[in-house]
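Residue strings, one per chain:
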Amino acid sequence: MSDCIFCKLANGEIPTAKLYEDDDFSVILDANPATKGHALILPKAHYADITEMPEELTAKAFVLAKKMGSHLKETLEADGLNIVQNNGEKAGQTVFHFHIHLIPRYADGPCIVANWVQNPLSDETREEVITKASVKAL
Ligand code: 5GP
Ligand code: ZN
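Let us look at the structure shown here. None of the values given here were measured: they were computed from a predicted structure. (Residues numbered from 1 in each chain as written. Chains lettered and ligands numbered in written order. Predicted model: local features only at pLDDT ≥ 70, side-chain atom pairs only at ≥ 80, totals over all residues. Heavy atoms only, no water.)

Things to note about the nonpolar core
In plain terms, the rule: Among buried residues, those of type Ala, Val, Leu, Ile, Met, Phe, Trp, Tyr and Cys that are joined through side-chain atoms within 4.5 Å constitute a nonpolar core. Relative accessibility thresholds used throughout: buried, under 20% of the residue-type maximum; exposed, over 50%; partly exposed, between the two (1.4 Å probe, protein chains only). Under the DSSP-based scheme used, a helix requires at least four consecutive residues in state H or I and a strand at least two consecutive residues in state E, with every element numbered from the N terminus. The criterion used for residue contact is that any of the two residues' heavy atoms lie within 4.5 Å.
Membership of the largest hydrophobic core comes to 14 residues, with the highest contact counts inside it found for Ile41, Ile100 and Leu102. Among the secondary structure elements, those contributing two or more residues to this core are strand S2 (25-29), strand S3 (39-43), helix H2 (55-75) and strand S5 (100-105). Among the elements that make up this core, the one with the highest residue count is H2 (six residues). Ignoring any residue separated from it by four or fewer positions in sequence, one finds isoleucine 41 in contact with Phe25, Ser26, Val27, Ala61, Leu64, Ala65, Phe98, His99, Ile100 and Leu102. With eight residues, the next largest nonpolar core counts Cys4, Leu9, Ala10 and Leu40 among its residues.

Regarding the sheet that holds S3
Heads up, the condition is: Pairing between strands requires that DSSP locate at least two bridges from one strand to the other. Interaxial angle, 0 to 180 degrees, is taken between N-to-C directions of lines fitted to C-alpha atoms, where a helix line uses only the stretch in contact.
Spatially, five strands are ordered S1-S2-S3-S5-S4 in an open sheet, and the strand pairing comes out antiparallel. The open sheet has two edge strands with one neighbour each: strand S1 (18-21) and strand S4 (80-84). When strand polarity is set aside, the average angle formed by the axes of neighbouring strands in this sheet is 20°. In this sheet, S3 lies alongside S2 in antiparallel orientation, the contact comprising five bridges. Bridging across to S3, valine 27 finds its partner in isoleucine 41. H2 rests against S1, S2, S3, S4 and S5 of the sheet, and its axis sits at about 20° to S5.

Let's talk about the coordination of the zinc ion (ligand 2)
Spelled out, the test is: Here the term donor refers to an N, O or S atom within 2.8 Å of the metal (or 3.2 Å for Na, K and Ca), and because water is left out of the atoms, sites may appear incomplete. Four donors are marked tetrahedral only if all angles between them lie between 85 and 135 degrees, whereas four are marked square planar and six octahedral if opposite donors are more than 155 degrees apart and the other angles lie between 65 and 115; the remainder are marked irregular.
Taken together, the protein ligands of the zinc ion (ligand 2) are Cys4 (SG), Cys7 (SG), His46 (ND1) and His97 (ND1), with distances of 2.0 to 2.3 Å. Taken together, the four donor atoms coordinating the zinc ion (ligand 2) span angles of 106 to 116° at the metal, a pattern that classifies the geometry as tetrahedral. Sequence positions of the donors to the zinc ion (ligand 2) reduce to the motif C-x2-C-x38-H-x50-H. Of this pair, cysteine 4 sits in the segment before helix H1 (5-10) while histidine 97 sits in the loop between S4 and S5, and the two are 93 residues apart along the sequence. Neither cysteine 4 nor histidine 97 differs from the other in exposure class; each is buried.

Concerning the site of ligand 1
To keep it simple, the criterion reads: The near set for a molecule or strand comprises every residue that places at least one heavy atom within 4 Å of it. By the criterion applied in these results, polar contacts are pairs of N or O atoms within 3.5 Å in which, for protein atoms, one can donate a hydrogen and the other can accept it, and in which residues neighboring in sequence qualify only through two side-chain atoms. Surface exposure here means Shrake-Rupley accessible area, sampled with a 1.4 Å probe, where a residue is shielded only by the protein chains that are shown. Throughout, the protein atoms alone are placed on a 1 Å grid, and a set of points is a cavity if a 1.4 Å probe fits but cannot get out or a pocket if it is open with protein on both sides within 12 Å along at least five of seven lines; lining residues have an atom within 4 Å of a point. For this analysis, a molecule is said to be in a pocket or cavity if more than half of its atoms are within 2 Å of the grid points defining it.
Among the 16 residues in the neighbourhood of ligand 1, the closest are listed as Asp30, Gly92, Thr94, His99 and His101. Taking threonine 94, its main chain carries an N or O atom lying 2.7 Å from an oxygen atom of ligand 1. Coverage of ligand 1 by the protein amounts to 80% of the 520 Å² it exposes when considered alone. Applying the majority rule of atoms within 2 Å of the grid points places ligand 1 in the largest pocket. Those elements giving two or more residues to the shell around ligand 1 turn out to be H1 and S2. The element that contributes the greatest number of residues to the shell around ligand 1 is H1, accounting for three residues.

Spelled out as structure tokens, the structure:
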């Protein structure tokens, strides 16, 4: 994608603060970090979101999230770690090149967990979702 900023950042066409790279991914610092060490895992190939990602690359991305997230938590002496991955505008995605947020959390840091409103599961919704979304194999 010639006009995708994350394609350019992931492939080194635009200089950026890079923490790690391998054949498939770059890990860079978010330009507007929620906390110290907020990083983004970007595949070098362009996929708009997780629904477009090949399974093998998706698996690699989440293994990398575990490894890099653990590494950030340890080296930055964080107290916790959020792994966030948004798909679609309604889910909060603003850059439409798949990415995983790694957000180290600190005991004295800001509270940034998504604060969704929770309501008890109704009988009607439970039956609808079970009917539509139950699956025997994926
Ligand atoms: P989303 O809301 O799509 O899940 O997250 C997009 C993230 O990309 C945001 O946290 C935003 O700060 C970050 N971002 C947007 N443009 C740039 C950029 O040009 N460079 C870097 N390093 N991060 C960016
Ligand atoms: Zn892209």
